[in-house]
2 protein chains.
Amino acid sequence: MLMGPGPSSVYPEVYSALSRSTLGYMDSYFIRIMDQIKALLQELMKTRNELTFPVSGTGMAGMETCLVNLLEPGDSILILINGVFGTRMREIAARLGAEAEVLEFEWGRPVEPEAVEKKLKEKPFKLVAMVHAETSTGVRNPAAEIGRLLQGLDSLYLVDAVTSLGGIEVDVDGWGVDALYSGSQKCLSCPPGLAPVTFSEKALKAIAARKSKTPSFYLDVDLIGKYWGGQKRSYHHTAPINMLYGLYQALVLVTEEGMDKVFARHQRVHERLVEGLEQLGLALLVDKPFRLPMLNAVKIPQGVEDAEVRSALRSKHKIEIGAGLGPLAGKIWRIGLLGHTAREENVERLLAALRDVL
Amino acid sequence: MLMGPGPSSVYPEVYSALSRSTLGYMDSYFIRIMDQIKALLQELMKTRNELTFPVSGTGMAGMETCLVNLLEPGDSILILINGVFGTRMREIAARLGAEAEVLEFEWGRPVEPEAVEKKLKEKPFKLVAMVHAETSTGVRNPAAEIGRLLQGLDSLYLVDAVTSLGGIEVDVDGWGVDALYSGSQKCLSCPPGLAPVTFSEKALKAIAARKSKTPSFYLDVDLIGKYWGGQKRSYHHTAPINMLYGLYQALVLVTEEGMDKVFARHQRVHERLVEGLEQLGLALLVDKPFRLPMLNAVKIPQGVEDAEVRSALRSKHKIEIGAGLGPLAGKIWRIGLLGHTAREENVERLLAALRDVL
């Protein structure tokens with residue numbers, strides 16, 4: 001059972017979908033599936049953005065797609081960092097020759113809107129980027145608040161929703177987000193391999209105004225958009241057909257259960273997990289108001305051997321939980337309650353296993 | 001039935017593999033599968049290259065991985081073009097700021113080594129790139145001969161083996177190839193979504209000597225290599241686990257049948273197809289010595305409506321064949337005999353359907 005930071009346990013119906021017959025990438029039936037995927041993603045992301053589709057790569061490809069299309073050499077970007085994935089955005093921005101400034105916050109604490117507001121008054125930025133759900137720490141960052149700060153400014157707003165999409169509310173249009181990426185293997189409970197993205201009209205205008213072509217042909221959203229939309233579809237690359245069947249099935253399942261019910265289920269099992277962990281004497285890294293329901297960072301108690309516990313859970317109980325990353329390596333475990341994994345029975349099974357192992 | 005230029009019909013065993021339980025990307029059992037995939041790819045590509053793995057994207061991502069790692073702004077590349085995919089290499093090289101020169105040959109005719117030899121005497125190139133099996137025309141380019149011309153030169157040799165790998169011989173070490181990419185959805189008969197690549201020691205030295213980091217983090221082979229090899233695996237991105245199960249199964253099937261037998265089967269069914277087409281009064285675009293067995297470009301006879309025939313094959317006979325691209329649109333059909341599709345019974349079914357439709 002996958003209770004780490006992702007991939008999550010996959011829906012049985014998604015496994016079946018993956019093994020349906022491969023169709024041609026221009027097959028009219030397959031194009032109908034593409035259109036459905038787009039519509040379901042728009043619903044889940046709460047956006048009317050026409051350019052909404054899954055990138056043919058994993059979540060990291062989603063991050064790169066947003067940055068490689070929005071940034072040119074010399075462009076200014078402000079990155080709000082409080083974990084591994086914010087740091088990765090800085091790395092990619094630097095490779096693209098952008099002028100990256102960062103505001104860093106303690107790992108395990110949320111981004112502070114006051115500090116961001118102050119920075120935004122100092123100078124203008126072409127792009128402001130933040131991770132909504134920091135998978136490395138379990139912190140929920142204030143995506144709506146940062147969006148409000150950017151209202152009326154020229155800056156574009158980029159949000160990483162890899163771990164949040166499908167587990168907590170993501171409101172692209174409501175928050176004024178201009179570009180957002182996610183991954184198939186978190187709360188959508190599809191295997192890894194696809195990265196849903198969306199771009200606003202404002203983002204598309206910025207892309208159209210580029211002085212140079214984006215260095216990536218594979219991730220050029222202008223070209224990909226002509227395969228995923230428009231009257232006449234034109235070939236750009238051979239889409240990962242079967243993975244798209246899987247994503248389509250996963251989106252149908254989330255929509256059928258109902259987004260609000262899915263979010264409530266994540267919150268409910270998270271609360272039960274926290275209660276059970278506290279009974280075992282375990283504490284969470286993140287303060288209550290900023291906790292993500294789907295990613296629980298648990299402090300490893302003094303004297304307990306990190307790797308031994310994870311290994312015993314894996315071998316004896318067939319449960320995988322995640323290790324800490326970077327400065328939190330050896331200090332936390334990361335317990336994922338992502339999508340299909342977020343079920344009461346899974347939480348009880350994990351709590352029993354932890355009770356046995358500790 | 002998929003008898004276009006790809007994707008090909010997928011092996012039933014590969015469909016089953018796709019729907020096996022998703023494992024964590026650092027799971028020890030999954031890492032064993034990764035090691036097996038690497039070994040099987042080395043065997044199929046005839047190489048000892050340590051850096052041999054499938055890129056987490058489609059064939060186009062394979063092309064981009066090779067170019068984005070090997071080229072820096074100002075680098076010189078010679079691209080030998082006789083179809084769509086050579087043209088795409090030029091497009092990507094230009095986006096990367098490389099100085100691209102091209103030698104163009106008629107679409108439907110092979111690259112001519114004499115012209116290449118002359119060009120190589122004029123000036124040195126960092127990289128010389130060619131498509132082995134031009135999917136847009138059905139031409140087999142002289143990969144071994146171009147490799148011989150490059151012996152003793154400093155140039156790196158890049159080969160596109162998207163359509164050839166698993167259908168005809170590919171001999172990376174024997175031909176002196178420094179970088180090669182392929183795709184999962186052609187002669188390997190796996191769904192699209194993975195791009196096997198390999199890099200020689202000489203290529204790795206050139207990458208290590210780069211003045212700037214590659215603009216792509218997602219496709220940075222230095223970082224990906226640390227996840228796919230070495231003593232301690234380090235996280236770079238979440239691998240597309242289930243797609244890799246599928247590729248592993250496909251590689252096992254090819255190896256079990258025996259590479260030479262697989263190549264002979266492709267050749268045999270190709271010859272039967274050509275014979276049957278000639279009986280129907282249809283001629284091939286490419287002269288006999290340069291024909292690819294897995295990709296047959298058939299001239300559309302005068303007075304026959306391209307789209308009508310393909311549409312009737314699709315609706316009445318459930319067979320998909322490919323249209324022509326670029327200057328060959330409306331002039332040829334592309335019949336794929338790729339991997340699992342390359343069977344006598346499929347050829348007979350197609351010939352009967354063509355007889356009915358024409």
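K.L.:
I keep staring at the overall build of chain A and nothing clicks. Help me out?
P.N.:
The number of helices and strands found in chain A is 13 helices and 12 strands. The C-alpha atoms of chain A give 20 Å as radius of gyration, which agrees with the globular expectation for 358 residues (21 Å, within 12%). Over its C-alpha atoms, taken along the principal directions, chain A stretches across nearly 60 × 55 × 30 Å. Looking at chain A as a whole, 57% of its 358 residues qualify as buried. Within chain A, contacts between residues at least 6 apart in sequence are counted, and of these 73% link residues at least 24 apart.

K.L.:
Just to check I follow, could you spell out the relation of the copies chain A and chain B for this structure?
P.N.:
You can overlay chain A on chain B at an RMSD of 0.0 Å; the transform is a turn of 180° with a shift of 0.0 Å along its axis. Seen this way, the second copy is the image of the first under a two-fold rotation axis. When each C-alpha of chain A is compared by its distance to the rotation axis, A:Gly57 comes out closest, at 2.6 Å. Looking at chain A, 100% of its interface residues are interface residues in chain B too, so the copies touch through the same face.

K.L.:
It is not clear to me how the nonpolar core should be interpreted in this structure. Could you clarify?
P.N.:
Buried together is how nonpolar side chains tend to be arranged in soluble globular proteins. In this structure, A:Leu70 and B:Leu70 are the most contacted members of the largest nonpolar core, which totals 238 residues. Excluding residues within four positions of it along the chain, B:Leu70 makes contact with B:Leu127, B:Leu156, B:Leu158, B:Ala179, B:Ala203, B:Ala206 and B:Ile207.

K.L.:
Is there a simple way to think about the pairing of strand S10 (residues 295-299) of chain B in this case?
P.N.:
If a strand is regular, its side chains alternate between the two faces of the sheet. All names here are of chain B. Within S10, four of the five residues are buried, which leaves the element mostly enclosed by the surrounding structure. Here S10 pairs with strand S12 (residues 332-336) via five bridges, running antiparallel. Of the residues in S12, the one forming a bridge with Ala 297 is Arg 334.

K.L.:
What am I meant to see in the interface of chain A and chain B here?
P.N.:
A common way to report how large an interface is uses the accessible area buried once the components associate. Each partner contributes residues to the interface: chain A has 41 residues there, and chain B has 41 residues. If one sorts the elements of the side of chain A that touches chain B by residue count, helix H3 (residues 59-70) of chain A sits on top with four residues. Per-class residue counts for the side of chain A that touches chain B are 18 nonpolar, 17 polar and six charged.

K.L.:
What's the story with the packing of helix H2 (residues 28-45) of chain B against helix H10 (residues 241-257) of chain B in this structure? I'm lost.
P.N.:
The packing of two helices is summarised by the inter-axis angle and the distance between the axes. All names here are of chain B. Look at H2 against H10: their axes get within 10 Å of each other, and the N-to-C directions meet at 45°. For the element pair H2 / H10, the angle class is oblique. In the packing of H2 onto H10, the handedness of the crossing is left-handed. Note on element contacts: H10 touches H2 through Ile 241, Leu 244, Leu 247, Tyr 248, Leu 251, Val 252, Val 254 and Thr 255, opposite Phe 30, Ile 33, Gln 36, Ile 37, Leu 40, Leu 41, Glu 43 and Leu 44.

K.L.:
Would you take a moment to explain the environment of A:Phe263 for this structure?
P.N.:
Residues and elements named next belong to chain A. Looking at where Phe 263 falls in the secondary structure, it is placed in helix H11 (residues 259-279). A C-alpha to C-alpha distance of 20 Å links Phe 263 and Arg 334, two positions 71 residues apart in sequence. Ignoring sequence-local partners within four residues, the contact set of Phe 263 consists of Gly 167, Ile 168 and Glu 169.

K.L.:
Can you walk me through the sheet that holds strand S8 (residues 179-181) of chain A in this structure?
P.N.:
All names here are of chain A. If you walk across this open sheet you meet the seven strands as S1-S9-S8-S7-S4-S2-S3, and the pairing is mixed. The open sheet has two edge strands, strand S1 (51-55) and strand S3 (99-104), and neither has a second partner. The sheet shows a mean angle of 15° between the axes of neighbouring strands, taken without regard to direction. The sheet contact formed by S1 and strand S9 (residues 195-199) spans five bridges and is antiparallel. Each residue of the ladder has a partner; that of Thr 52, found in S9, is Thr 198.

K.L.:
What should I look at first to understand the environment of A:Ile81 in this one?
P.N.:
Residue and element names in this part refer to chain A. Take Ile 81: it is sitting in strand S2 (residues 76-81). Separated by 53 residues in the primary sequence, Ile 81 and Glu 134 place their C-alpha atoms 9.3 Å from one another. Discounting chain neighbours no more than four positions away, the residues touching Ile 81 are Gly 86, Thr 87, Arg 90, Val 102 and Glu 104.

K.L.:
Can you walk me through the domain arrangement of chain A in this structure?
P.N.:
Residue and element names in this part refer to chain A. What the domain assignment lists for chain A is domain 1 (22-255) and domain 2 (258-357). Summarising the inter-unit geometry, the C-alpha centres of domain 1 and domain 2 are found 27 Å apart. Taken together, the contact between domain 1 and domain 2 spans 22 residues of the former and 22 residues of the latter. Considered class by class, the residues forming the side of domain 1 that touches domain 2 number 10 nonpolar, nine polar and three charged.

K.L.:
Explain the environment of B:Leu280 to me, please; I cannot follow it from the model alone.
P.N.:
All names here are of chain B. Along the chain, Leu 280 turns up in the loop between helix H11 (259-279) and S10. When the C-alpha positions of Leu 280 and Leu 358 are compared, they lie 8.9 Å apart, and in sequence the two are 78 residues distant. Setting aside residues no more than four positions away along its own chain, Leu 280 makes contact with Leu 354, Arg 355 and Leu 358.

K.L.:
Looking at this model, I keep getting lost on the pairing of S12(B). Mind explaining?
P.N.:
Residue and element names in this part refer to chain B. Taking burial as the measure, the five residues of S12 include five buried ones, the bulk of the element. Burial of S12 is two-sided: the residues Ile 332, Arg 334 and Gly 336 facing one way and the residues Trp 333 and Ile 335 facing the other way are all buried. With two bridges joining them, strand S11 (residues 322-323) and S12 adopt antiparallel strand pairing. Its bridge partner being in S12, Ala 323 is matched across the sheet by Trp 333.

K.L.:
Whenever I open this one, H11(B) confuses me. Can you help?
P.N.:
An α-helical turn contains 3.6 residues, so a residue and the one three or four places further along point in the same direction. All names here are of chain B. A rise of 1.5 Å per residue sets the reference length of H11, with its 21 residues, at 30 Å; its end C-alpha atoms lie 31 Å apart and thus fit the reference within 8%. Taken together, the buried positions of H11 are Val 262, His 266, Val 269, His 270, Leu 273, Val 274 and Leu 277. When H11 is viewed along its axis, its buried side chains cluster within an angular range of 145° and face the same direction. Every exposed residue of H11 that faces more than 90 degrees away from the buried side is listed here: Asp 260, Lys 261, Ala 264, Glu 275, Glu 278 and Gln 279. Where H11 is buried, its residues meet H10, S10, S12 and helix H13 (344-357). Of the residues flanking the end of H11, it is Gly 281, one or two places downstream, whose phi is positive at about 80°.

K.L.:
Before we go on, may I ask you to explain helix H4 (residues 84-95) of chain A in this structure?
P.N.:
Residues and elements named next belong to chain A. Taking 1.5 Å per residue, 12 residues should reach 16 Å; H4 reaches 17 Å between its end C-alpha atoms and fits that length. For H4, every residue scored as buried is listed here: Phe 85, Gly 86, Arg 88, Met 89, Ile 92, Ala 93 and Arg 95. Of the residues trailing H4, Gly 97 is marked for its positive phi of about 80°.

Cut-offs applied
Residues numbered from 1 in each chain as written. Chains lettered and ligands numbered in written order. Predicted model: local features only at pLDDT ≥ 70, side-chain atom pairs only at ≥ 80, totals over all residues. Helix = DSSP H or I, 4+ residues; strand = E, 2+ residues; numbered from the N terminus. Rg over C-alpha atoms; globule rule 2.2 N^0.38 Å. Buried ≥ 20, exposed ≤ 12 C-beta atoms within 10 Å, placed from the backbone. Contact = placed C-beta atoms within 7 Å. Least-squares fit on C-alpha atoms with pLDDT ≥ 70 in both. Core = buried A, V, L, I, M, F, W, Y, C linked by C-beta atoms within 7 Å. Pairing = 2+ DSSP bridges. Nonpolar A, V, L, I, M, F, W, Y, C, P; charged D, E, K, R; others polar. Axes fitted to C-alpha atoms, helices over the stretch in contact; angles between N-to-C directions. Parallel < 35°, antiparallel > 145°, perpendicular 65-115°, else oblique. Left-handed = near helix turned anticlockwise from the far one by under 90°. Domains from an automatic or database assignment. Expected span 1.5 Å × (residues − 1). Arc of directions from axis to C-beta.

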